[in-house]
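What follows is each chain in one-letter form.
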Amino acid sequence: MTDKDIKLLYETVKVAHEAMLGGNHPFGALLADENGEVLLRQGNCSTHSSPCLHAETALMIEAGKRFSPEKLASCSLYSTAEPCVMCCGAMYWTNVRRLVYGISEVQLLKLTGSNDLNPTFSLPCIDVFESGQKDFVVCGPAKDPRLIAAIIEDHKSFWKSR
């Protein structure tokens, strides 16, 4: 994980916070090109529209509409948390081949507990990608303690109130 990756993960924290302020779960994602230019940002919107619109999946749906598979192959998806199986599938089908995420699914489960609003899969994203026919680069979870603290801050307050 590069310094640029860490910087962009901090941007996903802002997106997640905005999602939470809008009444959604505190997850954020962004799509960046090979130079680190942010192309799209997306907070979780599954609370108000569809349970399938996790930040990453909603972002991939929009990315697939706007960019060619060739362009997306050179992009990176940045996410506050390790994407679930559905979100990994959205990456696979849109052809985004690089993932950078902040906290793992295991770390997330410790924050949410057994909450019906956020049932988790016990399936690492790398296992999902290895089951497909494309090569992926996965960077995560983050090791920077300040970044991790920033990611989990909104989760701590959000899930305690549910």
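Please refer to the structure higher up on the page.
Cut-off values and rules
Residues numbered from 1 in each chain as written. Predicted model: local features only at pLDDT ≥ 70, side-chain atom pairs only at ≥ 80, totals over all residues. Heavy atoms only, no water. Buried < 20%, exposed > 50% of the residue type's maximum accessible area, 1.4 Å probe, protein only. Helix = DSSP H or I, 4+ residues; strand = E, 2+ residues; numbered from the N terminus. Pairing = 2+ DSSP bridges. Phe/Tyr/Trp six-rings, centres within 6.5 Å; stacked < 30°, edge-to-face > 60°. Contact = heavy atoms within 4.5 Å.

**Brief notes about the pairing of strand 1 (residues 28–32)**
Of all 5 residues in strand 1, 5 are buried, a share of seventy percent or more. What you see with strand 1 is no split at all: Gly28, Leu30 and Ala32 on one side and Ala29 and Leu31 on the other are buried throughout. As judged from the 5 bridges shared by strand 1 and strand 2 (residues 38–43), these two strands associate in the antiparallel manner. Pairing of Leu31 across the sheet is with Leu40, part of strand 2.

**Describing the packing of aromatic side chains**
Applying the stated rule across the entire model yields 3 aromatic pairs. Geometrically, the ring pair formed by Tyr92 and Trp93 is edge-to-face, given 5.1 Å between the ring centres and 85° between the ring planes. Residue classification places Tyr92 among the buried positions, given a relative accessible area of 15%. The exposure class of Trp93 is exposed, given its relative accessible area of 71%. Geometrically, the ring pair formed by Tyr92 and Phe136 is stacked, given 6.2 Å between the ring centres and 20° between the ring planes. Here the residue Tyr92 occupies a position in helix 4 (residues 85–94), and Phe136 occupies one in the loop between helix 6 (125–130) and strand 5 (137–139), the gap between them amounting to 44 residues. You'll find Tyr92 and Phe136 in the same group, each marked buried. By way of ring pairs, the aromatic residues Tyr92, Trp93, Phe129 and Phe136 are connected into one cluster.

**Concerning the environment of Val137**
Along the chain, Val137 falls in strand 5. Between the alpha carbons of Val137 and Val100 there is a distance of 8.4 Å; along the sequence they are 37 residues apart. Residues contacting Val137, with those up to four places away along its chain left out, are Arg97, Arg98 and Leu99.

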